[in-house]
Amino acid sequence: MPVLDMADAWRLAERAAAFDPQIGSVWAIIAETAAENKRWRDAAHALEKAIALTPPGPGRTRMQAALNDARGKVDAMTAEEMKKVTGGMSLPPGLKLPF
C-alpha cells in the first residue's frame with residue numbers, strides 16, 4: 001500500500017477545485033484521510049475549504065461539526081505540546097509565547 005502523501009493529495013484537490021469549484025466533496029475526502037492519520041491541522045484546513053465549496057444543507061452541517069471536532073483536537077494537541085515545552089508549568093493568564 002502506498003504511503004500517504006498529503007502534499008500530493010492537496011495538489012490534486014486544488015486542481016479538482018480549479019476544474020469545478022463546486023467540488024467540496026474532494027476536500028471532505030482529503031479531510032477524512034488526514035483525520036484517519038491524526039493530522040488534525042490538515043483535516044481542519046481541508047474541512048474549511050470543503051465547507052466553503054459546499055452548498056447549505058445536511059452535508060455542510062456535518063462538515064461543520066467535523067471541523068469543530070478537528071479544531072478541538074488541534075487545541076488539545078497544541079496544549080499537550082506546550083506542556084512538554086514548558087515542562088508542565090502553565091503560563092500566566094493572558095501570556096502568549098511569540099511563536
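Check the entry above for the structure.
Q: Lay out the layout of surface pockets with the relevant residues and their values.
A: Empty space within the largest pocket amounts to approximately 170 Å³. Considering the residues around the largest pocket, the lining is formed by Ala-28, Ala-31, Glu-32, Ala-35, Glu-36, Trp-40, Ala-43, Leu-47, Met-63, Ala-66, Asp-69 and Ala-70. Looking at which element gives the most residues to the lining of the largest pocket, the answer is helix α2 (residues 24-36), with five residues. Here the lining of the largest pocket is composed, by residue class, of nine nonpolar, no polar and three charged.

Q: Summarise the pattern of salt bridges; cite the residues concerned and give the values.
A: One pass over the structure, following the stated rule, counts four salt bridges. When the shortest N-O distance is used, the salt bridge between Glu-81 and Arg-41 registers 3.9 Å. Taken together, the residues span a long stretch of sequence, with Glu-81 in helix α4 (residues 58-85) and Arg-41 in helix α3 (residues 40-53) at a distance of 40 residues. For Glu-81, a relative accessible area of 38% corresponds to the partly exposed category. We note a salt bridge from Lys-73 to Asp-69, for which the minimum N-O separation is 3.4 Å.

Q: Give a description of the environment of Ala-65 that names residues and reports values.
A: On the secondary structure map, Ala-65 appears in helix α4. Taking the C-alpha atoms as reference points, Ala-65 and Leu-47, separated by 18 residues in sequence, lie 9.9 Å from one another.

Q: So what's going on with the nonpolar core? Residues and values would help.
A: Nonpolar side chains in soluble globular proteins tend to be buried together. Membership of the largest hydrophobic core is limited to 12 residues, which are Ala-13, Trp-27, Ile-30, Ala-31, Ala-44, Ala-46, Leu-47, Ala-50, Ile-51, Met-63, Leu-67 and Ala-70. Elements represented by at least two residues in this core include exactly α2, α3 and α4. For this core, the element with the most residues is α3, which contributes five residues. With residues near it in sequence (within four places) discarded, Ala-70 still touches Trp-40 and Ala-44.

How each quantity is defined
Each chain carries its own residue numbering, running from 1 in the written order of its sequence. In keeping with the predicted nature of the model, local features appear solely for residues at pLDDT of at least 70, side-chain atom pairs appear and are counted solely at 80 or more, and the whole-chain, interface and lining totals rest on all residues. Values shown for side chains rest on all heavy atoms present in the structure; no hydrogens or waters enter the calculation. Grid spacing is 1 Å over the protein atoms alone, the probe is 1.4 Å, and a cavity is where that probe fits but cannot get out, while a pocket is an open set with protein on both sides within 12 Å along at least five of seven lines and lining residues have an atom within 4 Å of a point. Grid points are joined across faces, edges and corners, and a volume is the space filled by probe spheres set on the points. Here a helix means four or more residues in a row that DSSP labels H or I, a strand means two or more in a row labelled E, and each is numbered from the N terminus. Amino acids outside the nonpolar list (Ala, Val, Leu, Ile, Met, Phe, Trp, Tyr, Cys, Pro) and the charged list (Asp, Glu, Lys, Arg) are all regarded as polar, and Gly is one of them. A side-chain nitrogen of Lys or Arg and a carboxyl oxygen of Asp or Glu constitute a salt bridge if their distance falls within 4 Å. Under the scheme applied here, a residue whose accessible area is under 20% of the maximum for its type counts as buried, over 50% as exposed, and between as partly exposed, the area being computed with a 1.4 Å probe on protein chains only. Among the buried residues, those of types Ala, Val, Leu, Ile, Met, Phe, Trp, Tyr and Cys that are joined through side-chain atoms within 4.5 Å form a nonpolar core. The contact rule is simple, with two residues in contact once any of their heavy atoms fall within 4.5 Å.

Note that all results are geometric; they support no functional claim without further evidence.
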